[in-house]
Structure formats: C-alpha cells, structure tokens
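# A look at the structure
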Amino acid sequence: MIKTGSEPGGPPTGDEHLTGSSAPQGPKRSLEKALGNQIRLMRRQHDLSVADLASAAGISNGMLSKIENGAISASLGTLQAIAGVLQAPLSSLFASFEDRRDCSYVAANQGLTIERRGTKVGHVYQLLGHVLRGEVAIEPYLITLEENAEAYTAFSHGGVELIYMLEGQVQYRHGSESYHLSEGDTLLFDSGALHGPEALITPHSRYLSIIVYPRNQA
C-alpha cells in the first residue's frame, strides 16, 4: 500500500498524487491559446501568410499575431471574419479546445505486426497502441523471439526504453553491459546506446518493450 501525505504515514494532502506518481499535473487549457493554435493551423492549411489572412479579415498583422499566440481575446466579429476568410464555420475554430485525449485500445492478440530491423532474424514486433498528440511519443511493442531468432545488438535510437520479460530467458546487451533477463525482470535504459538480445537462453521468449522519446526526435 502506498501512502502519500505531508508527513510519513500521514493523510494525503490535496496537492498529492494518490497514485504515487511524480508526473506533473496537466497544463491548464486556455481558450485563447486553443483558438490561436487552431487559426494558425487552418491558415497554414490554406497556404496563407499572416499578412494575407489579416488583410482579408480586415485586421492588422499585429492583432492576428496576438490572436494566434493566445495573447488577446478576439471579439466575436473578428473571429467571424477570420472564419469567413478560412471558409470554415465559426465553430471549427473552437475544435482544438474540446476535451479530446488520446486513448488507444488493442484487443488480445490483435496488435499490429510491423516490420523492423529485427524481424529479418526471427524477431516479431506487434505494436500495442499509439498516441497522435503531445510532446512525447510512446511506442509499446510485444516482441517475440522465435526459435530461429538470431542475436541482434545494434539497435540504437533516441529516448529511453523499458523491457519487461513475459516468458523465456534472454541475455540482453546494453552498451558494455550484459544482463540475464528472466520472466518478471525489468530493464530500463538510455536507448541511444547500442542494445539488443545477444543470446537466446530458451528457444522461445517474449517481452514487452516500451520506447519513449520527444516527438521532435521522431
């Protein structure tokens, strides 16, 4: 049982995360920021410059820049003018403010099998989900090492990776270190170093691999 509070064993305070996670609270959403981001996105989709849209909507370049940056609250008339130039209903400007959060569900045995370097040597990858938005990309895989799988220790990519062994045993290389992984073992590492299974101790094994990296490194 995990307890959180201002003192050891004390009652939880209102500011504590009851799950025990140290992840920060999600950012407070701003209507002005959401409107600005949506207008900028739609303007670029129409291949319009700030000057183009501002002139057609009858406002100054500076005002449009402030609107797109969420620095001011635009009047309804101004938003209607912008929507008219963009040939879109006014409601579409508020689309990004809706409470949409990514959620990916994959039924048992329905993960998408994908091709990666390791699949050429008996490594089968099944993608277990994906998220489309946010600053952080997460790739969860169910990896199966088949009986004919060969060692492959040349993986290297940005971010961090977590491996959780589900069944079987492998000798896993990360940089200059080698780890004997059995069912229930976990390995968390900087995935910029060369890594991968260097020996299959059992003829068949499976493990969960979760790769996390900043989306701008994709």
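Everything discussed here concerns the structure shown above.
Described in the following lines is the structure provided in the data block.

Reading the values: the criteria
Residues numbered from 1 in each chain as written. Predicted model: local features only at pLDDT ≥ 70, side-chain atom pairs only at ≥ 80, totals over all residues. Heavy atoms only, no water. Helix = DSSP H or I, 4+ residues; strand = E, 2+ residues; numbered from the N terminus. Buried < 20%, exposed > 50% of the residue type's maximum accessible area, 1.4 Å probe, protein only. Contact = heavy atoms within 4.5 Å. Areas by Shrake-Rupley, 256 points an atom, 1.4 Å probe, with all protein chains shown as cover. Pairing = 2+ DSSP bridges. Axes fitted to C-alpha atoms, helices over the stretch in contact; angles between N-to-C directions. Core = buried A, V, L, I, M, F, W, Y, C linked by side-chain atoms within 4.5 Å. Polar contact = N/O pair within 3.5 Å; in protein donor to acceptor, adjacent residues only side chain to side chain.

Now for the overall build of the chain. When helices and strands are tallied, the chain shows four helices and nine strands. Along the chain direction, N to C, the helices and strands of the chain fall in the order α-α-α-α-β-β-β-β-β-β-β-β-β. Counting every position in the chain, which comprises 218 residues, the buried fraction comes to 31%. Look at the contacts in the chain between residues 6 or more apart in sequence, and 61% of them connect residues 24 or more apart. Looking at the chain as shown, the accessible area adds up to about 13,400 Å², and 52% of this sits on carbon and sulfur atoms.

Our next topic: the environment of Ser 205. Along the chain, the position of Ser 205 falls in strand 9 (residues 205-214). Ser 205 gets classed as buried once you look at its relative accessible area, which sits at 0%. Aside from chain neighbours lying at most four places away, what touches Ser 205 is Ile 143, Thr 144, Leu 145, Met 165, Glu 167, Gly 168, Gln 169 and Val 170.

Another aspect to go through is the sheet that holds strand 6 (residues 177-181). What links the strands of a sheet is backbone hydrogen bonding, and the strands pair in either a parallel or an antiparallel sense. Pairing in this open sheet of three strands is antiparallel, and the strands run 6-5-8 from one edge to the other. At either margin of the open sheet sits one strand with a lone partner, and together these are strand 6 and strand 8 (195-200). Taken over all neighbouring pairs, the strand axes of this sheet differ in orientation by 30° on average, direction set aside. Pairing geometry for strand 5 (residues 170-174) and strand 8, over five bridges, is antiparallel. Bridge pairing in strand 8 places Val 170 opposite Leu 200.

This paragraph deals with the pairing of strand 6. When strand 5 meets strand 6, the two strands line up antiparallel, connected through five bridges. Pairing of Arg 173 across the sheet is with Ser 178, part of strand 6.

Moving on: the nonpolar core. Ranked by size, the top nonpolar core spans 18 residues in total, and within it Ile 163, Tyr 172, Leu 181 and Tyr 207 carry the most contacts. Elements represented by at least two residues in this core include exactly strand 2 (123-127), strand 3 (136-145), strand 4 (160-167), strand 5, strand 7 (186-190) and strand 9. With near-sequence residues (within four places) excluded, Ile 163 lies in contact with Tyr 172, Leu 181, Asp 185, Thr 186, Leu 187, Phe 189, Tyr 207 and Leu 208. In this structure, Leu 53, Leu 64, Ala 83 and Leu 93 belong to the second largest nonpolar core, which totals 15 residues.

The subject of this paragraph is the side chain of Glu 68. By the element assignment, Glu 68 lies in helix 3 (residues 61-68). Side chain to side chain, Glu 68 and Arg 43 meet in a polar contact 2.6 Å long. The residues contacting Glu 68, other than those within four sequence positions of it, are Gly 36, Asn 37, Ile 39, Arg 40, Arg 43 and Val 50.

Residue alternation in strand 9 divides its side chains into a buried set, Ser 205, Tyr 207, Ser 209, Ile 211 and Tyr 213, and an unburied set, Arg 206, Leu 208, Ile 210, Val 212 and Pro 214. Pairing of strand 3 with strand 9, which is carried by 10 bridges, proceeds in the antiparallel orientation. By the bridge assignment, Tyr 141 is partnered in strand 9 with Ser 209. Pairing of strand 4 with strand 9, which is carried by seven bridges, proceeds in the antiparallel orientation. When the bridges of strand 9 are listed, Met 165 appears paired with Tyr 207.

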